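Below, each chain spelled out in residue letters.
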Amino acid sequence: MPNIVYDVKLDFKDVLLRPKRSTLRSRADVDLYREITFRNSGATYRGVPVIASNMDTVGTFEMAKTLAQHGCFTCMHKFYSVEEWMNFAKENPEAMQYVAASSGTSDGDFERLKSILDNVPQVSFVCLDVANGYSEHFVTYVRKVRAEFPKITIMAGNVVTGEMVEELIMSGADIIKVGIGPGSVCTTRKKTGVGYPQLSAVIECADAAHGLGGHIISDGGCTCPGDVAKAFGAGADFVMMGGMLAGHDQSGGEIMEKNGRKVKLFYGMSSATAMQKHVGGVAEYRASEGKTVEVPYRGDVNATMLDVLGGLRSACTYVGAGKLKEMSKRTTFIRVTQQLNEVFSGGETSTAVHSVQTVQSVHNGYHQQQGGGVKRKLE
Ligand code: 5GP
């Protein structure tokens with residue numbers, strides 16, 4: 001007989017952060033930098049723990065250069081050659097503390113990762129990334145990378161439950177990537193019925209990781225700066241974003257012109273588009289579990305980062321956290337049934353992923369959005 005868990009599990013949209021009395025005068029008083037010593041590598045990191053995802057449209061060298069100026073991190077997509085890595089490291093020594101090299105679990109992936117780590121000693125983080133972090137094969141791979149590179153800080157995932165977080169940490173991973181199904185271009189929940197509401201996954205996985213001296217990344221599902229704040233409030237040590245960083249100058253891909261508007265292509269790493277590009281097609285035995293969408297061209301990612309980090313500072317001020325590290329201790333979530341007033345939604349576009357839209361017009365003196373604010377789906 002199947003088990004049913006009757007506890008309600010929550011997403012970012014189901015809660016708000018409750019404001020608390022505070023002695024902070026302004027958001028400029030908030031320190032977003034964290035210093036973390038990792039459990040297995042023993043390495044110490046200092047930075048603003050916001051991460052660009054290792055998707056090939058987001059985890060680019062250009063993104064890393066810009067995010068590093070904010071103290072933020074980039075997990076590079078796994079398709080850069082060793083030569084490209086060597087050039088980047090030579091030209092951007094200051095950004096190297098904020099980048100990770102990514103890898104899947106095939107023998108080819110391991111060889112490529114090894115040659116990057118052997119030839120580019122400035123790389124001190126790796127991101128071992130599979131859609132399903134529950135396989136024995138993945139655990140074996142994490143052990144293999146740990147045995148070969150004892151001093152490298154290992155990010156590994158994705159999983160959504162405490163017992164698997166513990167297993168990966170005890171197998172040598174330092175930071176566990178949490179999230180199955182919440183991503184903006186992810187179709188796993190639709191194709192497989194598998195997933196876990198992201199806020200609850202983060203709360204439960206952070207508890208498991210912190211109990212062992214490990215750390216977690218909340219990966220996927222952030223649609224606006226407020227969601228990033230909620231993820232930190234839930235106990236995430238790092239928050240990873242894909243869709244919120246898509247469509248910028250620093251994102252991969254060309255700017256295209258569609259119906260007089262500039263757009264860029266954004267797609268999941270297991271979408272038909274990505275598989276076509278990198279492995280020549282979708283294998284018969286697996287379904288594509290990612291979408292391809294067109295997002296409006298959004299210019300320089302600096303403006304988006306300022307919006308995200310400004311929102312985060314402000315959230316810390318509201319809950320009375322002088323440092324980002326204190327945020328989860330100061331957090332009380334309120335369960336809500338509605339969190340945004342949508343009467344004039346679309347007037348402000350800034351960093352919201354849901355602001356991918358078609359036409360804006362001025363009507364009765366107010367900016368109104370036409371087209372429902374939804375992404376145009378291509379497949
Ligand atoms: P977002 O910030 O766009 O909501 O989520 C980004 C995350 O979605 C990525 O970091 C990654 O974990 C996940 N993701 C990226 N591509 C795919 C895909 O093709 N399928 C699935 N299931 N998840 C994806």
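Residues numbered from 1 in each chain as written. Predicted model: local features only at pLDDT ≥ 70, side-chain atom pairs only at ≥ 80, totals over all residues. Heavy atoms only, no water.

Engineer: Teacher, can you tell me more about the confidence of the model for the protein chain here?
Structural biologist: Predicted coordinates in areas of low pLDDT are best not read in detail. Within the protein chain, residue pLDDT values average 91, and 91% of them lie at 70 or more. In the model, residues 354-379 has pLDDT below 50 throughout and makes 56 contacts with residues more than four positions away in sequence or in other chains. (pLDDT = per-residue confidence, 0-100. Contact = heavy atoms within 4.5 Å.)

Engineer: What exactly am I supposed to notice about a negative patch on the surface here?
Structural biologist: On the surface, E136, E163, E166, E167 and D207 cluster together into a negatively charged patch. At 3 residues, the largest contribution of residues to the negative patch is made by helix α5 (residues 162-170). Topologically, D207 is positioned in helix α7 (residues 198-211). (Patch = residues over 30% accessible without salt bridge, like charges linked within 9 Å, V, L, I, M, F, W, Y side chains within 5 Å. Areas by Shrake-Rupley, 256 points an atom, 1.4 Å probe, with all protein chains shown as cover. Salt bridge = Lys/Arg side-chain N within 4 Å of Asp/Glu carboxyl O. Lys, Arg positive; Asp, Glu negative; His and termini not counted. Charge placed at Lys NZ, Arg CZ, Asp CG, Glu CD. Helix = DSSP H or I, 4+ residues; strand = E, 2+ residues; numbered from the N terminus.)

Engineer: Whenever I open this one, the site of the ligand confuses me. Can you help?
Structural biologist: With respect to spatial proximity, 20 residues lie near the ligand, and among them S184, T188, D219, S270 and E289 are the closest. In the shell around the ligand, the residues fall into 5 nonpolar, 13 polar and 2 charged. (Near = heavy atom within 4 Å. Nonpolar A, V, L, I, M, F, W, Y, C, P; charged D, E, K, R; others polar.)

Engineer: Whenever I open this one, the nonpolar core confuses me. Can you help?
Structural biologist: Here is a general trend for soluble globular proteins: nonpolar side chains tend to be buried in one another's company. One finds W85, L128 and M155 to be the most contacted residues of the largest nonpolar core, which totals 105 residues. Take this core: its biggest share by element is 8 residues, from helix α10 (residues 301-319). Setting aside residues no more than four positions away along its own chain, W85 makes contact with F61, M76, Y80, M96, V99, A100, A101, I116, V120 and V123. (Core = buried A, V, L, I, M, F, W, Y, C linked by side-chain atoms within 4.5 Å. Buried < 20%, exposed > 50% of the residue type's maximum accessible area, 1.4 Å probe, protein only.)

Engineer: Can you help me understand the sheet that holds strand β5 (residues 73-75) in this one?
Structural biologist: Strand pairing in a sheet takes place through backbone hydrogen bonds and is either antiparallel or parallel in direction. Read once around its circumference, the closed barrel built from 8 strands follows the order β4-β5-β6-β7-β8-β9-β10-β11, with strand pairing classed as parallel. The average angle at which neighbouring strand axes cross in this sheet is 25°, direction not considered. With 2 bridges connecting them, strand β4 (residues 50-52) and β5 associate as parallel partners. Across the sheet, I51 pairs through a bridge with F73, a residue of β5. The strands touched by helix α3 (residues 107-119) within the sheet are β6 (99-103) and β7 (125-129), with β6 carrying the most contacts at an inclination of about 155°. (Pairing = 2+ DSSP bridges. Axes fitted to C-alpha atoms, helices over the stretch in contact; angles between N-to-C directions.)

Engineer: Is there a simple way to think about the pattern of salt bridges in this case?
Structural biologist: A complete count under the given rule lists 12 salt bridges for this structure. Between R34 and D237 there is a salt bridge; the shortest N-O distance is 3.0 Å. One end of the pair, R34, is in strand β2 (residues 34-37); the other, D237, is in the loop between α8 (225-233) and β11 (238-241), and 203 residues separate them in sequence. Looking at R34, the relative accessible area reads 11%, which means it is buried. For D237, a relative accessible area of 3% translates into the label buried. Its salt-bridge partner being D129, residue K177 comes within 3.3 Å of it at the nearest N-O pair.

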